[in-house]
Amino acid sequence: MAKMKVGVIGATGMVGQRFLTLLENHPYFEVTALVASPRSAGKTYEEALDGRWKMATPLPEKYKKMVIISSDAIDEVKALCSFVFCAVNLKKDEVKELEYAYAKAEIPVVSNNSAHRWTPDVPMVIPEINPEHLEVIAAQRARLGTKRGFIAVKPNCSIQAYVPELTPLRKYGIKEVVATTYQAISGAGKTFKEWPEMIDNIIPFIGGEEEKSEQEPLRVWGKVENGEIVKADDTVITTQCIRVPVTDGHTAAVFVKFENKPTKEQILEDWKNFRGLPQELGLPSAPAQFITYFEEENRPQAKLDRDIYGGMGVTAGRLREDAIYDYKFVGLSHNTLRGAAGGAVLIAELLYKQGYFD
Ligand code: NAP
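The rules behind each value
- Residues numbered from 1 in each chain as written.
- Predicted model: local features only at pLDDT ≥ 70, side-chain atom pairs only at ≥ 80, totals over all residues.
- Heavy atoms only, no water.
- 1 Å grid on protein atoms, 1.4 Å probe; cavity = no way out; pocket = protein on both sides within 12 Å on 5 of 7 lines; lining within 4 Å.
- Points joined across faces, edges and corners; volume = space filled by probe spheres on them.
- Nonpolar A, V, L, I, M, F, W, Y, C, P; charged D, E, K, R; others polar.
- Axes fitted to C-alpha atoms, helices over the stretch in contact; angles between N-to-C directions.
- Helix = DSSP H or I, 4+ residues; strand = E, 2+ residues; numbered from the N terminus.
- Parallel < 35°, antiparallel > 145°, perpendicular 65-115°, else oblique.
- Left-handed = near helix turned anticlockwise from the far one by under 90°.
- Contact = heavy atoms within 4.5 Å.
- Domains from an automatic or database assignment.
- Buried area = accessible area lost by both parts, 1.4 Å probe.
- Buried < 20%, exposed > 50% of the residue type's maximum accessible area, 1.4 Å probe, protein only.
- Arc of directions from axis to C-beta.

A.B. asks: So what's going on with empty space enclosed by the protein? Which residues, and what values?
C.D. replies: If a probe as big as a water molecule is rolled over the atoms, it shows which places are left empty. Applying the stated criterion across every chain, the model contains one cavity of 30 Å³ or more. Of the pockets and cavities examined, the largest cavity occupies roughly 30 Å³. Looking at the largest cavity, the residues that line it are Val125, Ile126, Pro127, Lys154, Pro155, Gln160, Arg338 and Gly343. Each residue belonging to the lining of the largest cavity can be placed in one class, and the counts come to four nonpolar, two polar and two charged.

Pasting the structure below:
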């Protein structure tokens, strides 16, 4: 079977590099267009990177001599691929405009950026949790006047350390959640070499992150109504988001209060049995087990556990009753894999299987 051709916009960035690594030998997709800013256009990928390769594995040979295309050369990109992944560091309005331009040119966009996360007819999906939100693509296409083109996005990396664990517990009525996230420096596109101030340090502020961490779960748990996503309104979430000296992996310390308090055994059973469409369809990036619970009281640990199932699994530990809330636990997920490029690749695999790229 011929592979589907794909472009990566923001190919030189941290998330873009993850995309290229994940797609190097992908069974459905083949990268045929590397796209970045006009500054990088015309250079080979290796030249444009100029030593900025940040992955632990070496830069794959096949990308080194590919020539970068400018993101505004949409016709050129369109001639080379059937859809694009997008992860760029532009202002929100500029990202919105860029992604609309590609969608309107009939190039589907699977995005890591936050610009369209609250556009009512743009699905924001964690494939195990809300795959049915992809339905709104029909309404979005009608609004944009496209046959093929659309935008689908993934939510913020921080929420993927606690929303997977909370989702199967919604049947008990989740009233309140308090989550503190301990976020890796790769979430800011940085390494310790580029951000030495983070060594031996904690920074108690990540711009815009707390709003995203409190609101985005409600949209993921929302319903499709008349071609739009209407966010859930039955849970209140409050968060503090803290930058910690960890390369990869966001950890969350979570307190939760229910309407009908389950037993600890019920929660562990719900986590063990939580499977979604990616597991049923056997999508290539789907983890065999979505949530893995550790009985050891010193787990999950970022360094030991972030790479579970290729960084696509989520881990949890320390589930116990609390004196003020009903329960507390710790969650962990890999922010640039499950939380960024890997999560977007999983969305694309689902879109592909469901015929949205036809
Ligand atoms: P990054 O390392 O700073 O890379 C930014 C990329 O954007 C580079 O490829 C850059 O290309 C490109 N770019 C800049 N201006 C452009 C333009 N006019 N047209 C096309 N491309 C342009 O950033 P990152 O960490 O990969 O993050 C990218 C996006 O993903 C951001 O929206 C971020 O919030 C989001 N995200 C990041 C993470 C994470 O864990 N890092 C997680 C989730 C979401 P040049 O090299 O040519 O400048």
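A.B. asks: Describe the packing of helix H1 (residues 14-22) against helix H13 (residues 337-353), with residues and values.
C.D. replies: For the pair H1 and H13, the least separation of the axes is 9 Å and the interaxial angle reads 50°. The orientation of H1 relative to H13 falls into the category oblique. The chirality of how H1 crosses H13 is right-handed. For the pair H1 and H13, contact is made by Val15, Arg18, Phe19 and Leu22 and by Leu337, Ala340, Ala341, Gly342, Ala344 and Val345, respectively. Across the contact of H1 with H13, the residue classes break down as eight nonpolar, one polar and one charged.

A.B. asks: Now, about the domain arrangement of the chain: what can you tell me, with residues and values included?
C.D. replies: Examined at the domain level, the chain breaks down into domain 1 (4-156 + 341-353) and domain 2 (159-333). A separation of 25 Å is found between the C-alpha centroids of domain 1 and domain 2. Counting residues at the interface gives 36 residues for domain 1 and 39 residues for domain 2. When the two sides are added together, the surface that domain 1 and domain 2 hide from each other amounts to roughly 2,900 Å², 66% of it contributed by carbon and sulfur.

A.B. asks: I'd like a description of helix H6 (residues 137-144), backed by residues and values.
C.D. replies: Every buried residue of H6 is accounted for by Ile137, Gln140, Arg141 and Leu144. Seen end-on, H6 carries its buried residues on one side only, within an arc spanning 100°. Exposed positions of H6 whose direction lies more than 90 degrees from the buried face are Ala138 and Ala142. Where H6 ends, the next residue or the one after it, Gly145, has phi of about 70°, a positive value.

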